[in-house]
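Topology and contacts: notes
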Amino acid sequence: MSLTETLPPIVCGVDEHYLRPLGIVMQSLAAAHLDDLADLRLIVLHEELSAHGQDSLRRQADRLGLSMDLRGLPAPASAGFPVSGWISGAVYLRLSIPELVDDARALYLDSDVLVLRSLRPLLRQDLHGFVLAAVRDPQNPLLGGGIALPGWDLLGLDGAREYFNSGVMLLDLAACREQHLFERARRFLHERPGHVRFWDQCALNWAADDQWLRLERTWNTFALSPLAARPDFVHHAEPAMPLATLLEDERTASILHFAGPLKPWQTNYPGGRLGDLYLRHVPAFAPGEDR
């Protein structure tokens, strides 16, 4: 354990549907930080999480030796925002980070990731004056070459503008507050729902106005190989982001992101190396289960 360095907290959002996946994120954090887990702090944002759910997360954190703080929202995060597809209203919990986390910086992680290598280099990343750092979305790297932020041209945006994935974000929270980044994203969701395809992610990309630091793909590597093997898979980003390159990235991922409608905890998830890797991180007692 470091005696001199205080790292920014890691922040996740969860509702009752994502208790088990969050438990696996916690398990992977512990496995990737065997020598310095005590340096990490996890803040879990939630809304209407049952007492049983909260208790099971605390037991998981205690078992792992992971410092965890549960913080509930006073009002539903998704009120008035579009919810569709495979997500729940918990996707909007991240928009409350500046109000609920008073640290100067924070690292946000989705609950469908695996942490495979130490996050210390990312937590110490210099933001170079940017309000946030993220990875270009591998399937929608450019507005003009994907399906994100529909009607981007009507918003006066350039099709060559890059688009980030919000599943992993390093945030300068002081700058977020000063620039009202998350407030502007919420306003966009209310006022421009027709331009929203990927929920808060589209709104944050609009609000950030292309002023974000590009991170290496290792910090948000999509688990694409199980999906790419399906006959209905479509990769919208060729040639801007070649699928062959993205599949090769899986071997060097620091954070593996199981984005999309198919999740590795579901029984219909395709078998193979990445599904097996995910299941190896399932704790003996998963949050949300009865003993």
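It should be noted that the structure appears before, not after, this text.
Residues numbered from 1 in each chain as written. Predicted model: local features only at pLDDT ≥ 70, side-chain atom pairs only at ≥ 80, totals over all residues. Heavy atoms only, no water.

The subject of this paragraph is the overall build of the chain. Assigned secondary structure in the chain consists of 10 helices and 10 strands. Expected size for 291 residues packed as a compact globule is a radius of gyration near 19 Å; at 18 Å, the chain falls within 12% of this value. Its C-alpha atoms put the chain at 50 × 45 × 35 Å along the principal axes. The proportion of buried residues among the 291 residues of the chain is 56%. Sequence separation of 24 or more characterises 79% of the internal contacts of the chain that already satisfy a separation of 6 or more. Surface summary for the chain: the accessible area is close to 12600 Å², and the carbon and sulfur share equals 50%. The positive charge centre, built from 27 side chains, and the negative charge centre, built from 37, are 2 Å apart in the chain. (Helix = DSSP H or I, 4+ residues; strand = E, 2+ residues; numbered from the N terminus. Rg over C-alpha atoms; globule rule 2.2 N^0.38 Å. Buried < 20%, exposed > 50% of the residue type's maximum accessible area, 1.4 Å probe, protein only. Contact = heavy atoms within 4.5 Å. Areas by Shrake-Rupley, 256 points an atom, 1.4 Å probe, with all protein chains shown as cover. Lys, Arg positive; Asp, Glu negative; His and termini not counted. Charge placed at Lys NZ, Arg CZ, Asp CG, Glu CD.)

A cis amide bond links E238 with the next residue in sequence, P239, at an omega value of 0 degrees. Looking at the element boundaries, P239 is found in the loop between helix 8 (225–228) and helix 9 (243–249). Phi at W199 takes a positive value of approximately 55 degrees, unusual for a residue other than glycine. Relative to the helices and strands, W199 is located in the loop between helix 6 (181–191) and helix 7 (200–208). Note on W199: relative accessible area 8%, which makes it buried. The backbone phi angle of D210 is positive, close to 70 degrees, even though this residue is not glycine. Positionally, D210 belongs in the loop between helix 7 and strand 8 (213–214).

Ordered in space as 5-10-9, the three strands form an open sheet in which the pairing is mixed. Here the strands that pair on one side only, and so sit at the sheet edges, are strand 5 (113–115) and strand 9 (221–222). Bridge count between strand 5 and strand 10 (residues 255–257): three bridges; the pairing is antiparallel. The partner of V115 across the bridge, within strand 10, is I255. (Pairing = 2+ DSSP bridges.)

What follows deals with the environment of G159. Here G159 is to be found in the loop between strand 6 (132–136) and strand 7 (164–172). Exposure remark for G159: the relative accessible area of 17% places this residue in the buried category. Sequence separation between G159 and R41 is 118 residues, and the spatial gap between their C-alpha atoms is 39 Å.

Turning to the packing of helix 6 against helix 7, a few remarks are in order. In a packed pair of helices, the relevant descriptors are the angle between the two axes and the axis-to-axis distance. Two elements in contact, helix 6 and helix 7, have axes separated by 8 Å at closest approach and are oriented at 125 degrees. Considering the angle they form, helix 6 stands oblique to helix 7. Considering only the axes of helix 6 and helix 7, their crossing is right-handed. Seen from helix 6, the contacting residues are L181, F182, R184, A185, F188 and L189; seen from helix 7, they are D200, C202, A203, L204, W206, A207 and A208. When its residues are assigned to classes, the contact of helix 6 with helix 7 shows 11 nonpolar, no polar and two charged. (Axes fitted to C-alpha atoms, helices over the stretch in contact; angles between N-to-C directions. Parallel < 35°, antiparallel > 145°, perpendicular 65-115°, else oblique. Left-handed = near helix turned anticlockwise from the far one by under 90°. Nonpolar A, V, L, I, M, F, W, Y, C, P; charged D, E, K, R; others polar.)

Across all of its chains, the model carries 15 salt bridges by this definition. For D232, the salt bridge identified is with R230, shortest N-O distance 3.3 Å. Assessed through its relative accessible area of 52%, D232 is described here as exposed. Under the relative-accessibility criterion, R230 is labelled partly exposed at 33%. A single network of salt bridges, built from pairs that share partners, joins R136, E162, D210 and R214. (Salt bridge = Lys/Arg side-chain N within 4 Å of Asp/Glu carboxyl O.)

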